[in-house]
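Architecture at a glance
The primary structure of each chain is shown beneath.
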Amino acid sequence: MLTATIAAAVVMGTATIKDEFVCPVMGGPVREGNKSVEYAGKLYGSCCPGCEDKFAADPKKYIKDAIEKKRLIAYSLFDPISRKRIEAKKAKAHTDYMGTRYYFESEANLKSFLKDPKKISKVPAKESMKCAVMGTKIASYSKALGGYVDHGDTRYYMCCVLCAPTMVKDPAKYAIKNGVAPKALIIAAK
């Protein structure tokens, strides 16, 4: 059964948002040590206490506003081509698109993304934070070490690197029905 996509942000050494990113709520510089939010496979920082709660209450509103104002407010926790979990310091390339910095495992993946970024960056309406192969609950997007697999109208996050190739071979076998829309949850930075 699908779990509501309620993901906690844990700001790790490689999962901090850099100075060029701004708070999606106030537009101020993101401050390291503040709480962050993971939402729809991306990490959002905050400029001051309280912003994370406002963002989590209505992320679509703040994302839309930031895109209109051409603000960089998030980074993707996954290479959108390989669909694997990626850390910024290990990326070989990156690009900014619609308020999000996307990191890539290779220059070739960046080139593939740039051919149709609108299509490739689209997140399905439903997400599962329960590995469809192993049945393991995944605590947050950053804990989805196996990346993700899209099937039908749902994105399935995987618990380990072996699960994604298994699901890709026979997605209907592993697909879980009744996905839910993503939601956000905040926890304190480490």
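Please refer to the structure higher up on the page.
A short tour of the structure in this document, coming up. All residue numbers refer to position in the chain's written sequence, counted from 1. Only residues with pLDDT of 70 or above have their local features reported here, since the model is predicted, and side-chain atom pairs are shown and tallied only from 80 upward, although totals for entire chains, interfaces and linings are computed over all residues. Each side-chain value is worked out from all heavy atoms of the structure, with water and hydrogens disregarded.

1. A few points about the overall build of the protein
Runs of E in the DSSP output that reach at least two residues are strands. Runs of H or I that reach at least four are helices, and both are numbered from the N terminus. Along the protein, the regular secondary structure elements total 6 helices and 10 strands. Burial analysis of the protein (190 residues in total) assigns 49% to the buried set. Taking the intrachain contacts of the protein between residues at least 6 apart in sequence as the baseline, contacts between residues at least 24 apart amount to 61%. Summing over all exposed atoms, the protein offers an accessible surface of approximately 9,600 Å²; the carbon and sulfur share of this is 55%. Only protein chains enter the accessibility calculation, which uses a 1.4 Å probe. A residue is then buried if its area is under 20% of the maximum for its type, exposed if over 50%, and partly exposed in between. When checking whether two residues touch, look at their non-hydrogen atoms; a contact exists if any pair is within 4.5 Å. The Shrake-Rupley method, run with a 1.4 Å probe sphere, supplies the accessible areas, and residue values consider only the shown protein chains as cover.

2. Looking at the side chain of Thr-95
Positionally, Thr-95 belongs in strand 5 (residues 93–97). With residues up to four places along the chain from it excluded, the contact list for Thr-95 reads Thr-100, Arg-101, Tyr-102, Phe-104, Leu-110, Phe-113 and Leu-114.

3. Side note on the state of the cysteines
Cysteine sulfur pairs qualify as disulfides if the two atoms are within 2.5 Å. Tallying each qualifying case throughout the model produces 0 disulfides. Here Cys-47 is not disulfide-linked; the sulfur of Cys-48 is the nearest cysteine sulfur, at 3.7 Å. Look at Cys-47 and you get buried, because its relative accessible area is 12%. As a non-bridged cysteine, Cys-163 has Cys-160 as the owner of its nearest cysteine sulfur, 3.5 Å distant. We classify Cys-163 as buried; its relative accessible area is 3%.

4. A short note on the packing of aromatic side chains
Centre distance within 6.5 Å is the pairing criterion for rings of Phe, Tyr and Trp, where only the six-membered ring of Trp is used; planes under 30 degrees apart are then read as stacked, over 60 as edge-to-face, and the remainder as tilted. Evaluated as defined, the whole model comprises 12 aromatic pairs. Here the aromatic rings of Tyr-44 and Phe-55 are separated by 4.5 Å at their centres, their planes lie at 35°, and the arrangement is tilted. Separated by 11 residues along the polypeptide, Tyr-44 in strand 3 (residues 42–44) and Phe-55 in helix 1 (residues 51–57) bring together distant segments of the chain. Exposure remark for Tyr-44: the relative accessible area of 3% places this residue in the buried category. Measuring from centroid to centroid gives 6.4 Å for Phe-55 and Tyr-62, while their planes differ by 40°, and the two rings are tilted. Here the aromatic cluster, defined as three or more aromatic residues joined through ring pairs, consists of Tyr-39, Tyr-44, Phe-55 and Tyr-62.

5. Structural notes on helix 2 (residues 59–68)
Every buried residue of helix 2 is accounted for by Pro-59, Tyr-62, Ile-63 and Ala-66. End-on, the buried residues of helix 2 take up no more than an arc of 100°, which puts them together on one face. Pointing more than 90 degrees away from the buried face of helix 2 are the exposed residues Lys-60, Lys-64 and Glu-68. On its buried face, helix 2 is in contact with strand 2 (36–39), strand 3 and helix 1. The arc in question is traced by the directions running from the helix axis to the C-beta atoms.

6. A closer look at the nonpolar core
In terms of nonpolar packing, the biggest core is built from 27 residues, with Phe-78, Ala-132, Ile-138, Tyr-157, Met-158 and Met-167 touching the most fellow members. Those elements giving two or more residues to this core turn out to be strand 8 (148–151), strand 9 (154–157) and helix 5 (163–169). Among the elements that make up this core, the one with the highest residue count is helix 5 (3 residues). With sequence-adjacent residues up to four places away left out, Ala-132 is seen in contact with Tyr-156, Met-158, Met-167, Tyr-174 and Ile-176. The next biggest cluster of nonpolar side chains, apart from the first, holds 15 residues, and it includes Val-25, Tyr-39, Cys-51 and Tyr-62. Definition used in this section: a nonpolar core is a set of buried Ala, Val, Leu, Ile, Met, Phe, Trp, Tyr and Cys residues joined via side-chain atoms within 4.5 Å.

7. Considerations on the sheet that holds strand 7 (residues 126–128)
Note: strands within a sheet are paired through backbone hydrogen bonds, in either parallel or antiparallel orientation. Strands pair, by our definition, only if DSSP identifies at least two bridges between them. Strand order in the open sheet made by the 3 strands is 7-9-8, with mixed pairing throughout. Either end of the sheet is taken by a strand with one partner, and the two such strands are strand 7 and strand 8. Sheet twist, expressed as the mean angle between neighbouring strand axes with direction ignored, is 20°. When strand 8 meets strand 9, the two strands line up antiparallel, connected through 4 bridges. Paired with Asp-150 across the strands is Arg-155, a residue of strand 9. An axis is simply a line fitted to the C-alpha atoms; with a helix, the fit covers only the stretch in contact. Between two such axes, the angle follows the N-to-C directions and lies from 0 to 180 degrees.

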